[in-house]
Amino acid sequence: RWTIFIQDLKSGKVNSISDARGYTSSPSFSPDGQYLAYVSSNKNSPEIYLYNFQTGKSQRITSNTYIDTEPSFSPDSKSIVFTSEKGGRPQIYRYDLASRRTERLTFEGTQNLRARYSTDGKYLVFVHSINGRFHIASMDLATRDIRVLTETNLDESPSIAPNGTIILSIFR
């Protein structure tokens, strides 16, 4: 079983987030340090959970029979983007922590997954599939315009540098 371990660097104290009936994976810290978003399969299908460091409790934030995975916080810690198959194929959704509402963000392409916010929160970078090819793309969140950034066939795992000027990815 996969388990998430959290270790306090000052005290050395170790805490784990696990489920006896499933696995936990894909941890993502909120930039303000209050929460950890993660995936758990304890109800058969992978769902997104939110662990509150103050209370030490987890709350399930997605609930459906489809796969929900790859959570990532916005720079202001107010929303989480994640990948879900509830639209039929993997697409990117956003969950607002205050309103507890989820909205689908991507509609173009056959698959969109592993989204990450830019450091200013104005756009996302993600894996975008069209015609069986996987590219890295960006989406302007104000206009919802998607721009394909790579031209190779099987690109994955985009990550944005803390200064917001460089995108790192694996290209094949």
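Structural data are supplied above this passage.
Quick notes on the rules
- Residues numbered from 1 in each chain as written.
- Predicted model: local features only at pLDDT ≥ 70, side-chain atom pairs only at ≥ 80, totals over all residues.
- Heavy atoms only, no water.
- Pairing = 2+ DSSP bridges.
- Helix = DSSP H or I, 4+ residues; strand = E, 2+ residues; numbered from the N terminus.
- Axes fitted to C-alpha atoms, helices over the stretch in contact; angles between N-to-C directions.
- Polar contact = N/O pair within 3.5 Å; in protein donor to acceptor, adjacent residues only side chain to side chain.
- Contact = heavy atoms within 4.5 Å.
- Salt bridge = Lys/Arg side-chain N within 4 Å of Asp/Glu carboxyl O.
- Buried < 20%, exposed > 50% of the residue type's maximum accessible area, 1.4 Å probe, protein only.

*Asks:* What should I look at first to understand the pairing of strand E15 (residues 156-160) in this one?
*Replies:* Consecutive side chains along a regular strand alternate between the two faces of the sheet. Note that E15 and strand E16 (residues 167-170) share three bridges and pair antiparallel. Residue pairing for E16: Glu 156 is matched across the bridge by Ile 170. In sequence, E15 turns back onto E16 through a hairpin of six residues, with Gly 164 there showing a positive phi of about 75°.

*Asks:* Explain unusual backbone geometry to me, please; I cannot follow it from the model alone.
*Replies:* Glycine aside, residues mostly have negative phi, and peptide bonds are mostly found in the trans state. Here Arg 100, not a glycine, exhibits a phi torsion of approximately 60°, which is positive. Inspection of the secondary structure puts Arg 100 in the loop between strand E9 (91-96) and strand E10 (102-104).

*Asks:* When you look at the sheet that holds strand E3 (residues 24-29) in this model, what are you seeing that I'm missing?
*Replies:* Sheets are built from strands that pair by backbone hydrogen bonding, the pairs being arranged parallel or antiparallel. With respect to topology, four strands assemble into an open sheet ordered E3-E4-E5-E6, the strand pairing being antiparallel. The open sheet terminates on both sides in strands that have one partner only, identified here as E3 and strand E6 (57-60). The sheet shows a mean angle of 25° between the axes of neighbouring strands, taken without regard to direction. With four bridges connecting them, strand E5 (residues 47-52) and E6 associate as antiparallel partners.

*Asks:* What should I look at first to understand the sheet that holds strand E7 (residues 68-73) in this one?
*Replies:* With antiparallel pairing, four strands are arranged side by side in an open sheet as E7-E8-E9-E10. Strands with a single pairing partner mark the edges of an open sheet, and in this sheet they are E7 and E10. The average undirected angle you get between the axes of adjacent strands in this sheet is 25°. Taken together, the six bridges between strand E8 (residues 79-84) and E9 define a ladder with antiparallel strand orientation. Looking at the pairing, Ser 79 lines up with Asp 96 of E9.

*Asks:* In this structure, what is going on with the side chain of Asn 52? I would like to understand it.
*Replies:* Tracing the sequence through the fold places Asn 52 in strand E5. Within the structure, Asn 52 has its side chain in polar contact with the backbone nitrogen of Thr 55 (distance 3.2 Å). The residues contacting Asn 52, other than those within four sequence positions of it, are Gln 34, Tyr 35 and Lys 57.

*Asks:* Help me out: how do you make sense of the pattern of salt bridges in this one?
*Replies:* Where charged atoms from two side chains of opposite charge come close, those side chains can pair. Within this structure, the stated rule accounts for three salt bridges. A salt bridge links Glu 47 to Arg 60; the nearest nitrogen and oxygen atoms lie 3.7 Å apart. Remark: Arg 60 occurs in strand E6 and Glu 47 occurs in strand E5; sequence separation between them is 13 residues. The salt bridge partner of Glu 103 is Arg 94, with a shortest N-O separation of 2.7 Å. Among the residues examined, Glu 103 registers a relative accessible area of 33% and is labelled partly exposed. Via salt bridges that share partners, Arg 94, Glu 103 and Arg 144 belong to a single interconnected network.

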